[in-house]
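# Descriptive structure summary
One letter stands for each residue in the lines below.
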Amino acid sequence: MTDALRDETPPIPHVVRERIQLVDSRNRPCGSAWRTEMRRFHFWHRATYVVVRNARGEICVQHRTLTKEVFPGGLDLAAGGVVGAGEAEHVAARRELGEELGIRGVALRPAGGFVHAEGGNHIFGSLFLVDHDGPLTLQAEEVADAFWYTPAEALALPGVTPDTRQAVQVLLDAGLLAA
C-alpha cells in the first residue's frame, strides 16, 4: 500500500445539531429528539421529499457530498430532509428546497406520502412536486453537483438513496411524473 493511500482518511460527517419531530408508528407526534439520538435509536420521524421537474419532464438528481451523515456520496432524487420539532411538513419542504437547491418562491404541490422502513430508518415521507427551469444554487455542505434525468433514467442510476428511490417510484406509480 502506498503512503498516499494509507494517509487518506474519509471526510468527517457534518451532523447538524437540531431537534427532530418524533412520531409513533401511526405518524402521531410524540415528542422530539436530537438528530443524533433519532439516528442512533431508529426513531420514527417525518421527512419531506420535493421532486423538482423541468419543462422536459426530467427530475433533478443531487450528488450528495461526502460529509453527509447518511449515504455520503450517494444520489438523491428529491430535495428535502427531516422535519424539525414543531415544524409543519410544507414549511420543512420549502426550507429544504431553498437550502439545498436555492429554489424559492415557487408553488409546492402536495403529492401524497409514503412509509419508508428499511436500513434502520423509520420515516413518514411527505411528497411534493415543483416545476422549475431556473438556475440552481447548490448548498456546498450538502450538494456536490446536480443533474437532470428522466425519472426512469434516474431510478436506474447506481447509488440512489433508498428513500428517494421509493419517493420517485410512488410518484411514478400514481401517474404524477408522466411527461
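In this report, the structure presented in the accompanying data block is examined.

Moving on: the pattern of salt bridges. Taken as a whole, this structure holds 13 salt bridges when the rule is applied. A salt bridge links Glu69 to Arg35; its shortest N-O distance comes to 3.2 Å. Taken as a pair, Glu69 in the loop between strand 4 (59-64) and strand 5 (75-76) and Arg35 in helix 2 (residues 35-41) lie far apart in primary sequence, 34 residues in all. For Arg64, the salt bridge identified is with Asp76, shortest N-O distance 2.7 Å. Placement of the pair is Arg64 in strand 4 and Asp76 in strand 5, with a sequence separation of 12 residues. Residue classification places Asp76 among the buried positions, given a relative accessible area of 8%. In the salt-bridge network here, residues are joined through shared partners; they are Glu18, Arg35, Arg39 and Glu69.

What follows is about the pairing of strand 8 (residues 121-131). The element strand 8 is largely enclosed, with a buried count of 9 among its 11 residues. Two elements, strand 3 (residues 44-53) and strand 8, share 10 bridges in a ladder whose sense is parallel. Across the sheet, residue Trp44 finds its bridge partner in strand 8, namely His122. Between strand 7 (residues 109-118) and strand 8, which follow one another and run antiparallel, lie 2 residues, and Gly119 among them has a positive phi close to 60 degrees.

Criteria and cut-off values
Residues numbered from 1 in each chain as written. Predicted model: local features only at pLDDT ≥ 70, side-chain atom pairs only at ≥ 80, totals over all residues. Heavy atoms only, no water. Salt bridge = Lys/Arg side-chain N within 4 Å of Asp/Glu carboxyl O. Helix = DSSP H or I, 4+ residues; strand = E, 2+ residues; numbered from the N terminus. Buried < 20%, exposed > 50% of the residue type's maximum accessible area, 1.4 Å probe, protein only. Pairing = 2+ DSSP bridges.

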